[in-house]
Amino acid sequence: MEDSSNKFFSFFEKTLMEPMGKLAQFKIVRAIMGAGLSAIPFTIVGSMFLVFNILPLTFPSLEGIFNATFFKISDLYMLANSATMGILSLYFCVALGYEYTKIIAEEEELNMTPISGALLAMFAFFLSIPQLINDGGQITRLTNIDDLIINGWAMGNDGVTRLGTIGIFTGIVMAVIAVQLYRLCVTKNWVIKMPDSVPEGVTRAFTALIPAFVVAFVVLIIIGILTVFNTDIFQMIAIPFSFVTKLTNSWLGIIAIYFLVHALWLVGIHGANIIFPLISPILLSNLSANTEGAHIPLAGEFNNAFVTIGGSGATLGLCLFLVYMAKSEQLKVLGKASLVPVFFNINEPLIFGIPLIYNLYLAIPFFLAPMASASIGYFAIKFEMIQPIIANMPWPSPVGIGAFISTGGDWKAAVVALICALVAFLIYLPFARFYDQKLVKQEKREM
């Protein structure tokens with residue numbers, strides 16, 4: 001068993017841990033992770049106002065009360081949703097520009113300020129938003145009243161449509177271009193230097209002056225060339241990213257995601273911290289699409305609502321087994337210590353205490369339980385048995401509660417979440433019993 005275990009984990013370390021570990025170290029990957037985390041508070045705030053506003057759809061008895069009170073000022077409080085989910089790509093772009101510049105400045109020891117990187121990213125993004133047309137060699141801004149496109153700016157319910165989640169991927173690309181051009185200017189010393197006596201704010205402003213011109217020229221040239229060919233950056237970027245989005249939204253794509261997350265965990269790498277920040281733009285984009293009538297399973301906090309209930313590996317049921325059914329003193333103590341955190345989807349004590357990492361006895365259920373839960377949640381939404389996720393809940397929300405609120409108050413979603421937890425428990429049960437018996441024998445020998 002020892003030799004087979006060593007071979008098993010050696011295989012994973014070579015084929016998965018090493019390449020994914022290298023990927024996680026890329027500056028842009030870490031910057032996207034940071035940007036995704038920065039956007040979470042705003043998505044939660046905006047989502048809560050949306051959930052509140054649709055309560056009468058879930059509970060019709062509230063309709064009369066809401067019509068007489070809250071709906072009279074709904075345009076006021078729903079500004080919190082419009083100013084978050086409605087312009088989410090702007091948050092993402094600015095945060096990415098900041099994080100990416102900060103990482104480059106610190107690790108390459110360059111005189112780059114994160115706030116300048118954030119503003120340059122926003123500048124580049126805004127340059128790319130207006131829609132242009134090539135009319136016989138003359139480039140003009142598109143105006144189409146029927147489609148609510150005014151002087152190049154397409155308008156929607158929440159303002160400029162391209163500032164919403166539809167623009168997240170373009171925002172990422174423009175932020176990377178802007179920061180790299182900023183980096184080029186600094187490394188080539190194409191900056192205006194000010195005397196040390198000049199206040200820091202003034203120095204920062206003039207340091208970013210030439211990079212701003214460079215960003216403007218480069219981005220405008222790119223936009224101009226694309227316009228000549230009757231396309232733009234949004235349309236170009238939509239081609240590869242729409243393919244990736246469709247892939248991740250399929251059942252096989254979701255299974256692949258959870259396989260990667262837990263394969264990384266199994267060899268000691270926090271898989272969720274690597275994989276989910278990378279797909280956060282897709283999750284947020286799908287979340288926004290669901291609020292507009294789509295029915296996409298993988299959106300918002302689908303992961304913590306239906307899949308990793310009790311933490312990575314879907315370990316809520318396993319923890320309950322340790323507390324109430326295990327015979328091993330070691331596992332009993334560990335289960336009791338972990339019970340409260342596990343109810344809030346925090347299970348590091350179990351992962352490192354049982355341990356679940358490098359543990360061949362529990363590796364199979366550690367893979368299968370979240371895959372089974374993901375499949376149940378996926379098909380329940382896909383076949384419209386429950387409402388899709390329309391709100392971004394805090395990930396520590398307990399089982400059932402997160403699913404209930406995330407779906408706008410669908411009680412059936414809470415039931416599905418409980419079923420997911422039960423199925424995960426049943427998958428763990430035979431393996432946990434076998435492992436428990438092994439530890440009991442070991443404890444008796446040591447007495």
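About the criteria used
Residues numbered from 1 in each chain as written. Predicted model: local features only at pLDDT ≥ 70, side-chain atom pairs only at ≥ 80, totals over all residues. Heavy atoms only, no water. UniProt positions renumbered as here; feature names shortened; annotations may be inferred. Helix = DSSP H or I, 4+ residues; strand = E, 2+ residues; numbered from the N terminus. 1 Å grid on protein atoms, 1.4 Å probe; cavity = no way out; pocket = protein on both sides within 12 Å on 5 of 7 lines; lining within 4 Å. Points joined across faces, edges and corners; volume = space filled by probe spheres on them. Nonpolar A, V, L, I, M, F, W, Y, C, P; charged D, E, K, R; others polar.

- Looking at an unreviewed UniProt entry, the protein chain carries the name Permease IIC component, with the source organism given as Enterococcus alishanensis.
- Reading the Subcellular location (unreviewed entry) entry of the UniProt record for the protein chain gives the comment "Cell membrane".
- Turning to the protein chain, the UniProt annotation filed under Function (unreviewed entry) states: "The phosphoenolpyruvate-dependent sugar phosphotransferase system (PTS), a major carbohydrate active -transport system, catalyzes the phosphorylation of incoming sugar substrates concomitant with their translocation across the cell membrane."

**Comments concerning unusual backbone geometry**
- Note the cis peptide between Ile354 and Pro355, where omega equals -10°.
- Within the secondary structure, Pro355 is located in the loop between α18 (348-353) and α19 (360-382).
- Unlike most non-glycine residues, Leu148 shows phi in positive territory, near 60°.
- Within the secondary structure layout, Leu148 lies in the loop between β2 (138-141) and β3 (149-150).
- One non-glycine residue with positive phi stands out, namely Glu384, at about 60°.
- Mapping Glu384 onto the fold places it in the loop between α19 and α20 (401-406).

**Considerations on empty space enclosed by the protein**
- A complete count under the given rule lists 1 cavity of 30 Å³ or more for this structure.
- Volume-wise, the largest cavity comes out at about 40 Å³.
- Of the residues belonging to the lining of the largest cavity, the class tally is 4 nonpolar, 3 polar and 1 charged.

**Let's talk about the layout of surface pockets**
- Size it by volume and the largest pocket reaches roughly 670 Å³.
- In this structure, the largest pocket is lined by 30 residues; those nearest its centre are Asn273, Phe276, Glu301, Asn304 and Trp395.
- Elements that contribute at least two residues to the lining of the largest pocket include exactly α2 (27-53), α13 (251-266), α14 (271-291) and α15 (302-307).
- The dominant element in the lining of the largest pocket, judged by the number of residues it contributes, is α14, at 7 residues.
- The residue inventory of the lining of the largest pocket, partitioned by class, reads 14 nonpolar, 14 polar and 2 charged.
- For the second largest pocket, the calculated volume is near 530 Å³.
- In this structure, the second largest pocket is lined by 22 residues; those nearest its centre are Gly86, Asp158, Ser288, Thr291 and Glu292.
- Of all elements in the fold, only α2, β5 (159-160) and α14 reach the threshold of two or more residues within the lining of the second largest pocket.

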